[in-house]
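Fold and geometry: a report
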Amino acid sequence: MTLVVTPRLEAAQLLTGAQAVAHAMRQIEPDVVPVYPITPQTPIIEEFAQMVADGRCDTEIINVESEHSAMSAAVGASVAGARVMTATASQGLALMIEVLYIAASMRCPIVMPLGNRALSGPINIHCDHSDAMLARDSGAVQIFTENGQEAYDYTLMAVRLAEDQRVLLPVIVNLDGFTLTHSAEAVELLPDEVARAFVGHYRPLYPLLDTARPTTQGPFDMPDFYYEHKRQQDEAMRGVLEVFPEVQRAYAEATGRNYRGYYEAYRLDDADFAVVVLGSTAGTAKVVVDTLRDEGQRVGLLKLWLFRPFPHAAVAEALRGKQAVAVMDRALSFGSWGPLFTEIAAALYGLPEAKRPRLHNFTYGLGGRDVTPDQIAEALTRIQDPRTPAVMRYLGVRA
Amino acid sequence: MLEIRWHGRGGQGAITVSKILALAALRSGKYAQAFPEYGPERSGAPVRAYNRLDDRPIVLHSGVYTPHRVAVLDETLLEAEDVCEGLAPDGVLVINTTRPPEAIREQTGYPGRIVCVDAAAIAEETGSRFANVPLLGALASTLDFIQLPTLEGALQAFLGKRRPEVVKANLEALRRGYHETVALEAVAPETLPPRPRSEGSRALPPYYALPIGGVITPEIRWFPKTGGWRNERPVFNEALCVNCLLCWAHCPEPAIVVHDRLMEGFNYDYCKGCGICVAMCPTGALTMVPEGAAELVAASVSPNPR
Ligand code: SF4
Ligand code: SF4
């Protein structure tokens, strides 16, 4: 079993995903962090607030009374010219959504770790991707991470990505609630000076506090301007497909940590059958792929880092010619296919029919339901039978 | 299909009369649409309303670009907007004005039929208060398929259970508007002197030329000019000004001109006439006057004494 970046034992620390992200925040040293605690994000900010209190980094933490206010304060600080981060989860993100759209439209490069958690109700604090999917069309870039190491590394990269002049959009770094936020694993941090040099200084484009060059921000648009601004926003989002690999390359140069591309392809090249996942399930899926390979099955994994913008062309190329693909969704779009499935279907539709794999959709792991190797093995086995009907299936739910 | 465009200012009732006209058309055996072009809620800003009238069901839901009638509720809009945009030479321009149609032709260069009505005076004299109802009467007089009694019925339906004197005043205003028009017939367009094409607010920049995020920078202040929203303007009496700059600090637009910490006056391209500066001024150096009044009016008594 391989990891894209393997923490070296002699340099690794035992850190929860939340701690790893908090260290990234300390090294980034944002000017302003407005925040409201919500499970399972809370330990990220707890750890970070402790570091600020200990004088290990110079950040203005604003304790607000709700996530709506957290994102509002983040937008205000961001347009003023500050480097801003916040963090949230689940209902907190749901409450932020209104302002997250505004942050994206005002082109605020706010970086936000998201401790993925189910949406109410029933009230549930455990992991799934319903919250991330809620923000799917908000205009925020979305990165998914498999483990604490990736959550740390991508938080640093997210700053460069968000602040690139071609992008200037909020970036959400997803890490699975509890599975990553609260689980301790080996994580190798960068030396502070390396991390700081990589993120560099933020130079805002239109700082509101620049009285020598006054601007109006967040104004009103009539039908004659709104559409143009949305087109700009969409092009910036599409531009991420270009900037993201550049940031990865810069990170590799600065740190030797070699993340490459929009996704990790694990034993995929010569596979006939593939599974597509987001987040920590990818690790479990790698174990399953290894096991099934040992049994002689030609299976592989595609783990997406970048979900927004969605790299349709690259995904189509990666899955071209496979016989069948299982798309694993940890969220429902009630009455439709899973949100990841619809993207994969859209990506593959352009392939010539002979090269277009059969597609299957599996919903799994809602509300923290444990994701076992058996479930993934079941998905990868079922799709090998060409008579398996193309309907969405629930894995691990009582029938 | 007959298309109509109404020009008014927020609060003048353009949208209401477009609906009354649509109801009258329905009752006259025509299919009808009435729809507004709303902006933000802003009293005094230019607003438009539209009608479509036809013998057949109307399925079109796009904007009106080539109206057969244009009705203008407020003469000052002739400065702010190209009210004749898209109006064919065989159409009719109906306008609330005290001036003769010849003057309107000279100002607008419109060669078609021009119908003038002093709707403001009619509204005043009848006590109906708003110029929209007499203007509706004037516009309806140019449509042969709507009879005055049908129009009266539609107006009554809209007035509902208002006090009888209000209903009476409005019906009177409608009738007078219908009858008291002064018209000028169409002429061949070539007989009019050529006019420079107005730049027009529609010449807008491409998407990539806009600053991102909706930011308005000093360089692009030219495009969202808000001066056209105004029907009252603030004026400045330098003698009373103590340069406290409260007006500058509270003006929501880049409309107060300050140099070297001295208040210098207004940039009327952006002053939308909200009056906040006047309310803020502690010395009475600022006062609001109706648009078009002589500039040298200045208050000597502060509305906001300290
Ligand atoms: S009326 Fe005064 S406050 Fe209002 S826009 Fe004009 S100058 Fe500014
Ligand atoms: S508020 Fe009145 S006194 Fe103060 S600067 Fe403005 S005009 Fe002058």
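A brief report on the enclosed structure follows. Quick caveat, the model's predicted, so the values are computed rather than measured. (Residues numbered from 1 in each chain as written. Chains lettered and ligands numbered in written order. Predicted model: local features only at pLDDT ≥ 70, side-chain atom pairs only at ≥ 80, totals over all residues. Heavy atoms only, no water.)

1. As for the interface of chain A and chain B
When the parts of a complex come together, some accessible area is lost, and that lost area is often taken as the interface size. Between chain A and chain B, the residue contacts involve 21 residues of the former and 19 residues of the latter. Summing both partners gives a buried area of about 1800 Å² for chain A against chain B, and 68% of it is carried by carbon and sulfur. When the buried surface of chain A facing chain B is broken down by residue, Tyr206, Phe225 and Gln232 of chain A rank first, second and third, together holding 30% of it. Linking chain A to chain B there are zero salt bridges. Across the contact surface, chain A and chain B share five residue pairs in polar contact (both at pLDDT 80 or more). A total of seven residues in the side of chain A that touches chain B trace back to one element, the largest contributor, which is helix H8 (residues 223-255) of chain A. Residue composition of the side of chain A that touches chain B, by class: nine nonpolar, six polar and six charged. (Contact = heavy atoms within 4.5 Å. Buried area = accessible area lost by both parts, 1.4 Å probe. Salt bridge = Lys/Arg side-chain N within 4 Å of Asp/Glu carboxyl O. Polar contact = N/O pair within 3.5 Å; in protein donor to acceptor, adjacent residues only side chain to side chain. Helix = DSSP H or I, 4+ residues; strand = E, 2+ residues; numbered from the N terminus. Nonpolar A, V, L, I, M, F, W, Y, C, P; charged D, E, K, R; others polar.)

2. With respect to the packing of aromatic side chains
Residue and element names in this part refer to chain A. One pass over the full model with this rule turns up 12 aromatic pairs over all chains. Here the basic side chain of Arg308 rests over the ring of Phe307, its NZ or CZ set 5.1 Å away from the ring centre. One Lys or Arg, Arg356, reaches over the ring of Tyr349 and ends 5.1 Å from the middle of that ring. (Phe/Tyr/Trp six-rings, centres within 6.5 Å; stacked < 30°, edge-to-face > 60°. Lys NZ or Arg CZ within 6 Å of the ring centre and 35° of its normal.)

3. Side note on the sheet that holds strand E11 (residues 306-308) of chain A
All names here are of chain A. The sheet built from four strands is open, its strands ordered E4-E6-E5-E11 with mixed pairing. Unpaired on one side and paired on the other, strand E4 (111-116) and E11 mark the two borders of the sheet. Neighbour-to-neighbour, the strand axes of the sheet open up by a mean angle of 25°, direction not taken into account. As paired strands, strand E5 (residues 141-144) and E11 are joined by two bridges and run antiparallel to one another. Counterpart to Ile143 in the pairing with E11 is Leu306. (Pairing = 2+ DSSP bridges. Axes fitted to C-alpha atoms, helices over the stretch in contact; angles between N-to-C directions.)

4. Brief notes about the site of ligand 1
Around ligand 1 sit 13 residues, and of these Cys251, Cys271, Cys274, Gly275 and Cys277 of chain B come closest. Considered class by class, the residues forming the shell around ligand 1 number 10 nonpolar, two polar and one charged. (Near = heavy atom within 4 Å.)

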